[in-house]
Amino acid sequence: MRIDVLTVLPGLFDCFLKEGVIGKAISSGKVEVKVHNIRDFTTDKHRVVDDVPYGGGPGMVLKPEPIFRAYDELTKEGEKPYVLLTEPWGEKFNQEMAVELSKKPRLMIICGRYEGVDERVKSLVDREVSIGDYVLTGGELPAMVIMDAVLRLIPGVLGNLESLRADSFSDRGLLGYPNYTRPAEFRGMKVPEVLLSGHHKKIESWRKEQSLRKTLERRPEIIENLKRKGLLTKEELE
Ligand SMILES: CN1CCN(Cc2ccc(Cn3ccc4ccc(-c5n[nH]c(N)c5C#N)cc43)cc2)CC1
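First things first, this report covers the structure right here in the doc.

About the criteria used
- Residues numbered from 1 in each chain as written.
- Predicted model: local features only at pLDDT ≥ 70, side-chain atom pairs only at ≥ 80, totals over all residues.
- Heavy atoms only, no water.
- Helix = DSSP H or I, 4+ residues; strand = E, 2+ residues; numbered from the N terminus.
- Buried < 20%, exposed > 50% of the residue type's maximum accessible area, 1.4 Å probe, protein only.
- Contact = heavy atoms within 4.5 Å.
- Areas by Shrake-Rupley, 256 points an atom, 1.4 Å probe, with all protein chains shown as cover.
- Lys, Arg positive; Asp, Glu negative; His and termini not counted.
- Charge placed at Lys NZ, Arg CZ, Asp CG, Glu CD.
- Expected span 1.5 Å × (residues − 1).
- Near = heavy atom within 4 Å.
- Polar contact = N/O pair within 3.5 Å; in protein donor to acceptor, adjacent residues only side chain to side chain.
- Pairing = 2+ DSSP bridges.
- Axes fitted to C-alpha atoms, helices over the stretch in contact; angles between N-to-C directions.
- Salt bridge = Lys/Arg side-chain N within 4 Å of Asp/Glu carboxyl O.

**Observations regarding the overall build of the protein chain**
Turning to step 1, where the next piece is worked out: Within the protein chain, the regular secondary structure consists of 11 helices and 9 strands.
Turning to step 2, where the next piece is worked out: Its C-alpha atoms give the protein chain principal-axis dimensions of about 70 × 40 × 40 Å.
Turning to step 3, where the next piece is worked out: Scored against the burial criterion, the 238 residues of the protein chain give a buried share of 41%.
Turning to step 4, where the next piece is worked out: Of all intrachain contacts in the protein chain linking residues separated by at least 6 positions in sequence, the fraction that spans at least 24 positions is 75%.
Turning to step 5, where the next piece is worked out: Entry remark: accessible area of the protein chain is about 14,300 Å², with carbon and sulfur atoms responsible for 54%.
Turning to step 6, where the next piece is worked out: Put simply, the protein chain has 38 plus and 38 minus side-chain charges, and the middle of one group is 5 Å from the middle of the other.

Right, here's the structure in full:
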């Protein structure tokens, strides 16, 4: 997969693209992520990317021209990207969307800043996406959240953990089961016996039950959603 990111703050992505699972996936060539500074697509001496909003109002708006120039330049060759725009009021990002986006050969993520982008930029956009009902200062952190959730789903990115982790639970958006590691008792708190039993079938069913129980308690709408889509097995429903 290739992802092109358009932003006025490219430096925000430096650590994200160098460290951890994502950093390894890029350095090993499993995925390609290119961050482009919208300012590099301006044509004036002062490299202006924003302007005051027509009709008045607070703040500045990202101009359409530099973004369109970047889009035109980056789509001259190769497959047309599926274009996302991060927005406070976009469609809520979730695991289902992450799975869908992970199947696209090429993505472009336009990161707004200031008061957002000129409305005409949305003629380039396939999906306006929000990562949650809270207000951030710009679209770069949402872009990193989306890339992290999508790229971890690309075959080979999670490496040898993939087979272990490729569990339909988290990919159905169910909450995870409790994790424990040594010591078996810490300040009077013991690890559940079943996890020390070495009985893999019992451990697996305990973990499934824990995950369903936690999801039902904290996010019942996820269970309802999976039920409606027939994505819960008979025993999971019991
Ligand atoms: C007078 N009022 C008129 C309405 N504005 C609304 C407003 C306009 C811009 C911004 C800042 N911003 C700029 C680009 C951009 C992209 C994504 C996000 C974002 N926030 N939260 C998410 N889940 C996000 C995502 N994804 C925020 C962004 C914040 C709030 C306020 C002032």
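What follows continues from the structure just given.
**Here we look at helix α9 (residues 200-218)**
Counting along an α-helix, one turn takes 3.6 residues, and residues three or four places apart therefore face a common direction.
Turning to step 1, where the next piece is worked out: Helix length check: α9, at 19 residues, gives a terminal C-alpha distance of 27 Å against a target of 27 Å (1.5 Å per residue), a fit within 8%.
Turning to step 2, where the next piece is worked out: Here α9 has its buried residues at Ile-203, Trp-206, Gln-210, Ser-211, Leu-212 and Thr-215.

**Thoughts on the site of the ligand**
Turning to step 1, where the next piece is worked out: Taken together, 20 residues are adjacent to the ligand, and Tyr-114, Ser-130, Gly-132, Tyr-134 and Leu-136 come closest.
Turning to step 2, where the next piece is worked out: Between a nitrogen atom of the ligand and a main-chain N or O atom of Glu-87, the distance comes to 3.5 Å.
Turning to step 3, where the next piece is worked out: Contact distances for the ligand include 3.4 Å between a nitrogen atom and a backbone N or O atom of Val-129.
Turning to step 4, where the next piece is worked out: Every element with two or more residues in the shell around the ligand is listed here: β5 (82-92) and β7 (127-130).
Turning to step 5, where the next piece is worked out: For the shell around the ligand, the element with the highest residue contribution is β5, accounting for 4 residues.

**Side note on the sheet that holds strand β6 (residues 106-111)**
Turning to step 1, where the next piece is worked out: Reading across the sheet, the 5 strands line up as β2-β1-β6-β5-β7 and stay open at both edges, with parallel pairing between neighbours. The two strands at the open ends of the sheet, each matched to only one other strand, are β2 (32-37) and β7. Across this sheet, the average inter-strand angle for adjacent strands is 30 degrees, counted without regard to direction.
Turning to step 2, where the next piece is worked out: Sheet topology places β5 next to β6; 5 bridges connect them, and they run parallel. Bridge pairing in β6 places Tyr-82 opposite Leu-107.
Turning to step 3, where the next piece is worked out: Lying over the sheet, helix α4 (residues 95-102) contacts β5, β6 and β7, oriented at roughly 170 degrees with respect to β5.
Turning to step 4, where the next piece is worked out: Each of β1 (2-7), β2, β5, β6 and β7 is contacted by helix α5 (residues 140-151), which is oriented at about 160 degrees to β6, the strand it contacts most.

**Remarks on the pattern of salt bridges**
Side chains bearing opposite charge may pair, as long as their charged atoms lie close to each other.
Turning to step 1, where the next piece is worked out: Using the criterion set out here, one finds 18 salt bridges in the structure.
Turning to step 2, where the next piece is worked out: A salt bridge links Glu-96 to Lys-229; the shortest N-O distance between them is 2.5 Å. In this pair, Glu-96 sits in helix α4 while Lys-229 sits in the loop between α10 (220-228) and α11 (234-237), placing the two residues 133 residues apart along the sequence.
Turning to step 3, where the next piece is worked out: With relative accessibility at 45%, the residue Glu-96 sits in the partly exposed group.
Turning to step 4, where the next piece is worked out: The shortest N-O distance in the salt bridge between Glu-100 and Arg-127 comes to 3.1 Å. Taken together, the positions of Glu-100 in helix α4 and Arg-127 in strand β7 put the pair 27 residues apart, joining distant regions of the chain.
Turning to step 5, where the next piece is worked out: For Glu-100, a relative accessible area of 32% puts it in the partly exposed group.
Turning to step 6, where the next piece is worked out: Bridged by salt links that share partners, the residues Glu-87, Glu-119, Lys-122 and Glu-128 form one connected network.

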